[in-house]
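Listed here are the chains, written in short residue letters.
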Amino acid sequence: MCAVSGLVGCASYTPSITQDEKPTGQEAYLYGRFYIEAKSGKLALDGHQTMGFVIKCASEETYTFRFSNDTALQVIKVAPSTCSLTEFVYTDSDGRVKSRKRAPEKLMRDAQFDAGKAYYLGDFYAEATRSVQGRTILSNWNIKTVRNDYTNTSAALKAAYPNLAALPTENRMIGR
């Protein structure tokens, strides 16, 4: 996605699993809605300006949820471990990192993710805007709404990912 990755930093977003993913029982799944209202760029390498939540684990693995302007429900596969939201990453429509910010302490709570389960992290709705002031392009990212909609999002998970329907789910809302 980021063609000039050697010259500038690019975000490495963790891809959402495919709808036909078959769990082996050796992995955990993290899910929620990560939606961003952002205009798609016609020539953009990454589609649209976006942001992500970086989750770091005791196992030294790092996963980054990418906010999408078309598919809100995201599901990623993770190795079982104790993990925490540690950082927000903000990227332009070409996937270049424009900013990184440490997550607020109140959101940096350790959570144990065990194999064979799916963990709900929350429903997050954000907005990305760009404006021009003189010769400067200003980019802005805002989280507009955070919802704990565990029941409905879990039902959407089981409907969209039928092979995960038998997995037990737990509410691990970020910041709760």
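Higher on the page you've got the structure.
Fair warning: this is a prediction, and the values are worked out from it, not measured in the lab.

(A) Inspection of the overall build of the chain at higher detail. Helices and strands together make up the secondary structure of the chain, namely one helix and 10 strands. Listed by position from the N terminus, the elements making up the chain come as β-β-β-β-β-β-β-β-β-α-β. For the chain, buried positions account for 44% of its 176 residues. Pairs at least 24 apart in sequence give 70% of the contacts found in the chain among residues at least 6 apart. Element-wise, carbon and sulfur atoms account for 49% of the exposed surface of the chain, whose accessible area totals about 9400 Å².

(B) Spotlight on the layout of surface pockets. One number sums up the size of the largest pocket: a volume of about 210 Å³. Among the secondary structure elements, those contributing two or more residues to the lining of the largest pocket are β5 (81-91) and β7 (111-113). In terms of residue count, β5 provides more of the lining of the largest pocket than any other element does, three residues in total. Classifying every residue of the lining of the largest pocket gives nine nonpolar, three polar and four charged.

(C) Region of the structure containing the pattern of salt bridges. Scanning the model with the defined rule gives eight salt bridges in all. Here Glu170 and Lys117 are joined by a salt bridge, their closest N and O atoms 3.0 Å apart. Of this pair, Glu170 sits in strand β10 (residues 169-171) while Lys117 sits in the loop between β7 and β8 (118-133), placing them 53 residues apart in sequence. Residue class for Lys117 comes out partly exposed when judged on its relative accessible area of 24%. A salt bridge links Arg172 to Glu170, with the nearest nitrogen and oxygen atoms 2.8 Å apart. Judged by relative accessible area, which is 25%, Arg172 ranks as partly exposed. Residues joined by salt bridges that share partners form a network here, namely Lys117, Glu170 and Arg172.

(D) Focus on helix α1 (residues 150-160). Buried residues of α1: Thr153, Ser154 and Leu157, and no others. What you see down the axis of α1 is that its buried residues fit within an arc of 100°, all on one side. Facing away from the buried side of α1 by more than 90 degrees, the exposed set consists of Thr151 and Ala159. Buried residues in α1 make contact with β1 (28-37), β4 (73-78), β8 and β10.

Conventions adopted
- Along each chain, residue indices are assigned from 1 in the same order as the chain's sequence is written.
- Per-residue local features of the predicted model are confined to residues with pLDDT of at least 70, and side-chain atom pairs are confined, for both listing and counting, to 80 or more; whole-chain, interface and lining totals are unaffected and use all residues.
- The side-chain numbers reported here are obtained from all heavy atoms of the structure, hydrogens and water having been left aside.
- Counting from the N terminus, the helices are DSSP H or I runs at least four residues long and the strands are E runs at least two residues long.
- Whether a residue is buried, partly exposed or exposed follows from its accessible area with a 1.4 Å probe, protein chains only, as a fraction of its type maximum: under 20%, in between, or over 50%, in that order.
- Any two residues whose heavy atoms approach within 4.5 Å at even a single point are treated as in contact.
- Per-residue and other accessible areas follow the Shrake-Rupley method at a 1.4 Å probe size, with only the shown protein chains counted as cover for residues.
- Here a cavity denotes grid points, spaced 1 Å and computed from the protein atoms alone, that fit a 1.4 Å probe unable to get out, and a pocket denotes an open set having protein on both sides within 12 Å along at least 5 of 7 lines; residues with an atom within 4 Å of a point are the lining.
- Grid points are joined across faces, edges and corners, and a volume is the space filled by probe spheres set on the points.
- Amino acids outside the nonpolar list (Ala, Val, Leu, Ile, Met, Phe, Trp, Tyr, Cys, Pro) and the charged list (Asp, Glu, Lys, Arg) are all regarded as polar, and Gly is one of them.
- Salt bridges are defined by distance alone: a side-chain nitrogen of Lys or Arg within 4 Å of a carboxyl oxygen of Asp or Glu.
- Of all possible arcs, the one meant is that of the directions from the helix axis to the C-beta atoms.

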